[in-house]
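Below, each chain spelled out in residue letters.
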Amino acid sequence: MALLHTGRLFAAPRFAARASSWWSHVEMGPPDPILGVTEAFKRDTNSKKMNLGVGAYRDDNGKPYVLNCVRKAEAIMASKKMDKEYLPIGGLADFTRASAELALGENSEAFKSGRYVTVQGISGTGSLRIGANFLQRFFKASRDVYLPKPSWGNHTPIFRDAGMQLQSYRYYDPKTCSLDFSGAMDDISKIPEKSVILLHACAHNPTGVDPRQEQWKELAATVKKRNLLVYFDMAYQGFASGDINRDAWAVRYFIEQGINVLLAQSYAKNMGLYGERAGAFTVICSDAEEAKRVESQLKILIRPMYSNPPLNGARIASTILNTPDLRKEWLVEVKGMADRIISMRTQLVSNLKKEGSSHNWQHITDQIGMFCFTGLKPEQVERLTKEFSIYMTKDGRISVAGVTSGNVGYLAHAIHQVTK
């Protein structure tokens, strides 16, 4: 651009702001490890390629799956010609009540007495973050949150960015690919009183390793003795074992033992509502009056975060949970998804034996849920990718949902080749 001045053209001065941007100090962030796996998979031209990094259910043809009960719920909603008005800050009341009942059980004393508050969250992540912010503002006893080692990768930034401090306790034993129960109990027994401990209610992510019921009982006794605040993350109710009551057993047992927990729920996996972002956050209180006070403060926290939660996913989940025929169909479908995952685990071990593998692969069938910690070393994972176009994260975690009856043999052959 030029400026006309007394008949002569002058070049416009360059603005100094261009030379020193407000954001020149911002460094490039590290790529998401799972996103990197997916990108590399997309570029691969091998017809046998497998993506075992993605944490979303696939059917036995490797395709995304929308539950029939979800389609039916959407049809019911469409027929009602409902509006698109804002939800209340705490979310859709029919959804939050049904979510609490699903988690706690219809016969739960805490549920029936009303000494709980449940607010709608933006799936599991958003629900966890509501709780993290609530802890930061109102839990004065400690800033420390103890996570199992390892834990879901997003747990750390969720709590850290809310102003909490992260600590850890032993959980997984890589030597046995199973629960390090004695290590966990030893560490938990030394956690300072009135700290926060996070527990995966079922289908531990990323290991697939869960405590047995008798171990949960010991954990509950230790937690109670140490006076720890328990925060349950339950992202897989129904999806882990195929039984909603079995998967919620630990949460319900802790509450029965007089442990007033925090709970985050997600409907991404068990209803396949990934992009709908439907979730819930619950606080178990000492009485109904305390629950009302906690609810008022949760609303004050939520209002500046996102004003109110999204409508569609909550309507879908609520319609399914509150319509007897659809709920019955959902229970069959979620068991079908869980059973397919369990079947793929069994078939993978069976095929490894057929390949002649001498390793003990029992941990694959002992673990539960979408994810499996295979025990593969980083160099073996690298060989699987380079030689067989099988993609997974470097820690050897696979999403069993990416395994099908059509490719399980190929996967077993490849694993045998890099482990023999």
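This text goes with the structure placed above it.
S.K.: Help me out: how do you make sense of the nonpolar core in this one?
M.R.: In globular proteins that are soluble, nonpolar side chains generally tend to be buried together. By size, the foremost hydrophobic cluster in this structure holds 63 residues, and its most contacted members are Tyr-267, Trp-330, Leu-348, Leu-384 and Ile-390. Mapped by element, the contributors of at least two residues to this core are helix H3 (68-79), helix H4 (93-104), strand S12 (278-284), helix H13 (312-322), helix H14 (324-354), strand S13 (371-373), helix H16 (378-388) and helix H17 (408-419). For this core, the leading source of residues is H14, giving 9 residues. In contact with Leu-384, not counting residues within four places along its chain, are Leu-376, Ser-389, Ile-390, Met-392, Ala-414, Ile-415 and Val-418. Membership of the second largest hydrophobic core comes to 40 residues, among which are Ala-110, Ile-191, Val-223 and Ile-255.

S.K.: Teacher, can you tell me more about the sheet that holds S12 here?
M.R.: Sheets are built from strands that pair by backbone hydrogen bonding, the pairs being arranged parallel or antiparallel. Spatially, the 7 strands line up as an open sheet ordered S4-S12-S11-S10-S9-S5-S6, and their pairing is mixed. Strand pairing shows two members of the sheet lacking a second neighbour, strand S4 (116-122) and strand S6 (165-170), which therefore form its edges. Strand-to-strand, the axes of this sheet are offset by a mean angle of 25°, without reference to chain direction. With 5 bridges joining them, strand S9 (residues 196-200) and strand S10 (residues 229-234) adopt parallel strand pairing. Bridging from a neighbouring strand, Leu-198 pairs with Tyr-231 of S10. Against the sheet, helix H6 (residues 123-138) contacts S4, S9, S10, strand S11 (262-266) and S12, and its axis sits at roughly 125° relative to S4.

S.K.: I tried to follow helix H8 (residues 181-188) on my own but got confused; where do I start?
M.R.: Since the α-helix turns once every 3.6 residues, residues separated by three or four places project in the same direction. Among all positions of H8, only Phe-181, Gly-183, Ala-184, Met-185 and Ile-188 are buried. The inward-facing, buried residues of H8 abut S6, strand S8 (178-179), S9 and helix H9 (213-226).

Rules behind the numbers
Residues numbered from 1 in each chain as written. Predicted model: local features only at pLDDT ≥ 70, side-chain atom pairs only at ≥ 80, totals over all residues. Heavy atoms only, no water. Core = buried A, V, L, I, M, F, W, Y, C linked by side-chain atoms within 4.5 Å. Buried < 20%, exposed > 50% of the residue type's maximum accessible area, 1.4 Å probe, protein only. Helix = DSSP H or I, 4+ residues; strand = E, 2+ residues; numbered from the N terminus. Contact = heavy atoms within 4.5 Å. Pairing = 2+ DSSP bridges. Axes fitted to C-alpha atoms, helices over the stretch in contact; angles between N-to-C directions.

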